[in-house]
Amino acid sequence: QRVNTVTAMAGFLAASHLTFVDNEYNKAVHYINDLYNKDDKDNRGDVAHSGDFMKPLVLSTTYLEATKKGLVVTTDVFTPQEHNASELKQTIEKKLNQYARDTESHMKIQVSFDHWMYHEPGPSWVQTLRNIYSQVTGQAGKSVEAADPTVAKEIPNAINFRTSTPGHQATGHAPNEFKTTKDMQIHMRMLTEIMLRISNLPHMQ
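For the structure given in this document, a descriptive report is provided here. (Residues numbered from 1 in each chain as written. Predicted model: local features only at pLDDT ≥ 70, side-chain atom pairs only at ≥ 80, totals over all residues. Heavy atoms only, no water.)

1. Describing the pattern of salt bridges
Here's step 1: One pass over the full model with this rule turns up three salt bridges.
Here's step 2: The closest approach of N and O atoms between K27 and D22, which form a salt bridge, is 3.6 Å.
Here's step 3: Two residues, E193 and R197, come together in a salt bridge whose shortest N-O distance is 3.1 Å. Placement of the pair is E193 and R197 together in helix α6 (residues 181-199), with a separation of four residues, close to one helical turn.
Here's step 4: A relative accessible area of 28% means that R197 is categorised as partly exposed. (Salt bridge = Lys/Arg side-chain N within 4 Å of Asp/Glu carboxyl O. Helix = DSSP H or I, 4+ residues; strand = E, 2+ residues; numbered from the N terminus. Buried < 20%, exposed > 50% of the residue type's maximum accessible area, 1.4 Å probe, protein only.)

2. A closer look at unusual backbone geometry
Here's step 1: Look at H17: it is not a glycine, yet its phi comes out positive at around 65 degrees.
Here's step 2: Within the element layout of this structure, H17 appears in the loop between α1 (5-14) and α2 (24-35).
Here's step 3: Residue classification places H17 among the exposed positions, given a relative accessible area of 75%.
Here's step 4: The residue E104 is not glycine, and still its phi comes out positive at about 55 degrees.

As structure tokens, then:
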């Protein structure tokens, strides 16, 4: 099971009962632990939101940076496609401002969202990807939400295709990550099929 190391460390320090210097780092530890170091249901609180296609909203602290102006704490917001960005932004800002008042913390709050890129299931090249996945793995290929396809976000009309193996525990993006020879062969077959079939499609739509 993957663990968010930032929130896990904040929880460890907050529960250590040790006395730390009262500075921005100590305040950040309690800020992260108080607001984000909970399970997927609890950590959304009154900003909870879900949609028909994408998973419920999740808040995950991922990055801290010491700057000349202070300590920057960055939290990723994984939002369903169906969310109302303006209303959600106001709700989160209200919650953070209330936390700052309750804890007497001097915080500069900035909340922003990028627009989700969504592909309808109709284009023939997307259907081809699903067909290849189904034929190689023996399981239905379907579109799912993804928060991490960096390349797909930067290339117009691109999507992220993940060569996962059904029934196999994910071993990537973790300590001592590896891929078995069998999984490698399955994934290479998928990628080869993709290049051959999509390059021979009469049209992409």
